[in-house]
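Single-letter residue listing:
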Amino acid sequence: MIKEFNDQEVLKEIASKNYREFDKLYRTHYKRLFVISFKYTHHQEVSEEVVHDVFMKIWDQSSTLIINQSLSAYLSKAVVNTSLNALKKIKRSKELAENYQADDIIFTDEDADDTYFIERKLILLEESIEKLPPQCKKILFMSKYHKLKQQEIAAQLNISIKTVKNHLTYAYKKLREMGSSKEMLIIIMIVYIGLLSL
Amino acid sequence: MSDFNINEEESFYISLIIQEREGTISPEDAERLLEWRSLTPENNALYNDISKIESNLSLLEKYQHLNTEKSLASLHKKLQHYEAENKPKHQTLKLSNWLAIAASLFLVLSAIFYIQHSLDTVTLKTAAFETKQFILPDQSRVTLNNNTLITYSKNNFKDERRLNLINGECFLDVVHNPTQPFSIHYKKLSITDIGTSFNVEVLKNKVNVAVNSGEVKLSIKDQPTKAFVKAGEAAYYQIEEKTIKKTVIKNKNYKAYADQNIYFKNTSLSEVVKTLESVYHQKIVLKNTDLNARKFTGEFKKQRLNDIILVIAETLNLKVTHEEGKICFK
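Residues numbered from 1 in each chain as written. Chains lettered and ligands numbered in written order. Predicted model: local features only at pLDDT ≥ 70, side-chain atom pairs only at ≥ 80, totals over all residues. Heavy atoms only, no water.

So, unusual backbone geometry
As a reminder, the rule being used: Helix and strand definitions here come from DSSP, where helices need a minimum of 4 consecutive H or I residues and strands a minimum of 2 consecutive E residues; each element is numbered from the N-terminal end. Whether a residue is buried, partly exposed or exposed follows from its accessible area with a 1.4 Å probe, protein chains only, as a fraction of its type maximum: under 20%, in between, or over 50%, in that order.
Phi at Asn158(A) takes a positive value of approximately 60°, unusual for a residue other than glycine. With respect to the secondary-structure elements, Asn158(A) resides in the loop between α8 (150-157) and α9 (161-196). The class of Asn158(A) is exposed, set by a relative accessible area of 71%. Positioned with a positive phi, Lys187(B) is a non-glycine residue whose angle comes to about 50°. Its location among the elements puts Lys187(B) in the loop between β7 (182-186) and β8 (189-193).

Quick notes on the pattern of salt bridges
Oppositely charged side chains may form a pair once their charged atoms are brought near each other. Inclusion rule: The term salt bridge refers to a pairing of a side-chain nitrogen on Lys or Arg with a carboxyl oxygen on Asp or Glu at a separation within 4 Å.
Per the counting criterion, the structure on display carries 19 salt bridges over all chains. The salt bridge involving Lys144(A) is made with Glu54(B); its shortest N-O contact spans 2.8 Å. Of this pair, Lys144(A) sits in helix α7 (residues 134-144) while Glu54(B) sits in helix α3 (residues 41-64), on two different chains. Glu54(B) carries the same exposure label as Lys144(A), and that label is buried.

What to know about the packing of helix α2 (residues 19-41) of chain A against helix α3 (residues 44-61) of chain A
All names here are of chain A. The cut-off we apply is this: Inter-axis angles, ranging from 0 to 180 degrees, are taken between N-to-C directions of lines fitted to C-alpha atoms, where helices are fitted over the stretch in contact. Throughout, the term roughly parallel applies to angles under 35 degrees, roughly antiparallel to angles over 145, roughly perpendicular to angles from 65 to 115, and oblique to all others. Here a crossing is called left-handed whenever its near helix is offset anticlockwise from the far helix by less than a right angle, and right-handed whenever the offset is clockwise. It only takes one pair of heavy atoms within 4.5 Å for two residues to be counted as in contact. Under the scheme applied here, ten amino acids are nonpolar (Ala, Val, Leu, Ile, Met, Phe, Trp, Tyr, Cys and Pro), four are charged (Asp, Glu, Lys and Arg), and all others, including Gly, are polar.
Orientation of α2 relative to α3, taken along the N-to-C sense of each, is 140°, at an axis distance of 8 Å. Here α2 lies oblique to α3, going by the angle between them. By crossing handedness, the relation of α2 to α3 is classed as right-handed. Every residue of α3 that contacts α2 at Tyr19, Phe22, Leu25, Tyr26, His29, Tyr30, Leu33, Phe34, Ser37, Phe38 and Thr41 is listed here: Gln44, Val46, Ser47, Glu48, Val50, Val51, His52, Phe55 and Trp59. In terms of residue class, the contact of α2 with α3 is built from 13 nonpolar, 6 polar and 1 charged.

Thoughts on the sheet that holds strand β1 (residues 121-125) of chain B
Residues and elements named next belong to chain B. Let me state the cut-off plainly: Only strands that DSSP links by at least two bridges are regarded as paired with each other.
The mixed open sheet is built from 7 strands, whose spatial order is β1-β4-β5-β7-β8-β11-β12. Edge positions in the open sheet fall to β1 and β12 (226-230), since each of these has one partner strand only. Recorded for the sheet is a direction-independent mean angle of 20° between the axes of neighbouring strands.

A closer look at the interface of chain B and chain A
To keep things clear, this is the line we draw: By definition, the buried area sums, over both parts, the 1.4 Å-probe accessible area that each loses when the two are put together. Any pair of nitrogen or oxygen atoms within 3.5 Å is treated as a polar contact; in protein, a donor-acceptor pairing is required on top of that, and neighbouring residues in sequence qualify only through side-chain atoms on both sides.
Contacts between chain B and chain A engage 51 residues on the former and 49 residues on the latter. Note on chain B versus chain A: buried area summed over both sides is about 4900 Å², and carbon and sulfur give 62% of it. Taken as a group, Leu57(B), Tyr63(B) and Leu66(B) account for 13% of the area that chain B buries against chain A, more than any other trio of residues on that side. Here chain B and chain A share 4 salt bridges between them. The partner of Arg27(A) in a salt bridge is Glu69(B), and the shortest N-O contact between them spans 2.6 Å. Where chain B packs against chain A, one counts 15 residue pairs in polar contact (both at pLDDT 80 or more). Going through the elements one at a time, α1 (3-22), α3, α4 (68-90) and β18 (320-323) of chain B are the ones with two or more residues in the side of chain B that touches chain A. Broken down by element, the residue count for the side of chain B that touches chain A peaks at 16 residues, all from α3(B). In terms of residue class, the side of chain B that touches chain A is made up of 18 nonpolar, 19 polar and 14 charged.

Structural notes on a nonpolar patch on the surface
Residue and element names in this part refer to chain B. Condition: Here, patches come from residues exposed beyond 30% relative accessible area and free of salt bridges, joined within 9 Å for like charges and within 5 Å for nonpolar side chains (Val, Leu, Ile, Met, Phe, Trp, Tyr). Each accessible area value is a Shrake-Rupley result obtained with a 1.4 Å probe; residue values ignore everything except the protein chains displayed when judging cover.
Together, Ile101, Leu105, Val108, Leu109 and Ile112 give the surface a local cluster of nonpolar side chains, amounting to about 500 Å² of exposed area. Locating Ile112 in the fold gives a position in helix α5 (residues 97-120). Judged by its relative accessible area of 47%, Ile112 is partly exposed.

Quick word on the nonpolar core
Convention followed: Here, nonpolar core means buried Ala, Val, Leu, Ile, Met, Phe, Trp, Tyr and Cys residues that are tied together by side-chain atoms lying within 4.5 Å of each other.
Phe55(A), Ile129(A), Leu140(A) and Leu175(A) are the most contacted members of the largest nonpolar core, which has 76 residues in total. At 11 residues, the largest contribution of residues to this core is made by α2(A). Dropping the residues within four chain positions of it, Leu140(A) is found in contact with Ile129(A), Leu132(A), Tyr145(A), Leu168(A), Ala171(A), Tyr172(A), Leu175(A) and Leu57(B). Among the nonpolar cores identified, the runner-up in size contains 33 residues, and Cys170(B), Val216(B), Ile239(B) and Ile244(B) belong to it.

Notes on the pairing of strand β9 (residues 197-202) of chain B
Residue and element names in this part refer to chain B. Counted residue by residue, β9 has 5 buried out of 6 residues, so it is predominantly covered. Pairing analysis gives 5 bridges linking strand β6 (residues 169-173) to β9, with the strands arranged antiparallel. Bridge assignment links Asp173 to a residue of β9, and that residue is Ser197. Here 6 bridges tie β9 to strand β10 (residues 206-213), and the two strands are oriented antiparallel to one another. From the neighbouring strand, Val200 faces β10, where its bridge partner is Val209.

Examining the environment of Glu69(B)
Note that Glu69(B) resides in helix α4. Owing to a relative accessible area of 26%, Glu69(B) belongs among the partly exposed residues under this scheme. If we ignore the near neighbours within four places in the chain, the residues touching Glu69(B) are Arg27(A), His281(B) and Gln282(B).

What about the sheet that holds strand β13 (residues 233-238) of chain B?
Residue and element names in this part refer to chain B. Strand order in this open sheet of 7 strands is β2-β3-β6-β9-β10-β13-β14, and the pairing throughout is antiparallel. Of all strands in the sheet, those bounded by a partner on one side alone are β2 (132-135) and β14 (243-248). Strand-to-strand twist across the sheet, computed as the mean angle between neighbouring axes with direction ignored, equals 20°. One ladder, built from 4 bridges, connects β2 with strand β3 (residues 141-144); its direction is antiparallel. Bridge assignment links Gln133 to a residue of β3, and that residue is Thr143.

Set out below in structure tokens:
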């Protein structure tokens, strides 16, 4: 019923101001691109703006855009470049400068792979967290998501700091173990995709 | 050293790394950690891995709280703003003087014509991402689904309540007035109400009319064909064939885009997902094919999509994840 377009057709549709295709493209890539930008800017509003800027450019210039790679790779690269430009601008404005320690950012090939798989990595991490024992998961959430210090967690749960420490250590250890086995999968995927494109 | 000891040592340093990232590490421990890292490449790799997991956890938290629809809506606003500001600039003309004069004369004349025309013609419009409700001069209400365009003549509307549906779908709630019939037209098809609320949807080769209350009359220009459609009934006009076929309303949720009231009664989950997608313009995926046939019963009145998703997940004991802008049931 709904026609699926390939990358070139999507751009063509957007060039003819097809909002539906534009929205679809945005829904598919927004979260991934936001996370990529956030890795550079560490700033919610700036990253949101970066993603918006990239898509505004697509909307405005899709008829003249020439893309030699996949649309997805193009978007990642555009978001990284726009994020770096945003950082430069921010660094110029003094009052914000102290919040940033992004002096030595260089965009490498490794990053390019990273941008492609970052969303997959996060989803795998999410799945790994689900496999942790309940108490362990709870303490990890309190520590990471609610930004509680170990003493504060111990007080809230009425357990010793030592126990909190053990849970956190166990959580990170397990996440590392589960991650490395999944990382292998990702590497296999990269090689596979590489072979396909030969 | 036994295995146990290696694990003990590893745990101890992982705990120090966590403290370092938290900012609660003591200067002595920080020194100790640094020393340990430089001892072997394995230690340093462990340090990097744990740090990476920690920063990915922060990213994951951001990721989970992202609201694609909210972000998209704000992007649309920016785009509208941008287009309104930038359109005139594209038209900068490089013309010789006399041509410029002729052009401006033409502009003035066409502006006068345009103003006269636009003063009379009212346009109701929605873009791809929105539904909007308008109140007509006679207090009748019309809700436009996405990508819909309706026009009417302001001056004539007092005498003849006539709308032209150019494209899309709308739901009409008409104030009854026997001396002034209300009608909506699409190409050769006219739908005349006899005090009612009804839905009109233009598709590729047909126009669907579904009546919620009262009765409407369908007629085709230059054709004797007529049909009366009552509450609960539907009819479709086949544009090519110029025929009208009557039927009953099968999809209870046909006007959900207008009132956000959705009913499911023993509805298969695949149907539920299809309905929600069309009302909220959001992609929803069933990860297991055996979920398709699961049945859901429930009623939602003007609720946010996220709340509806949660209720369905709770009821059918499903898991919800968000992946690449899609909502997934597992």
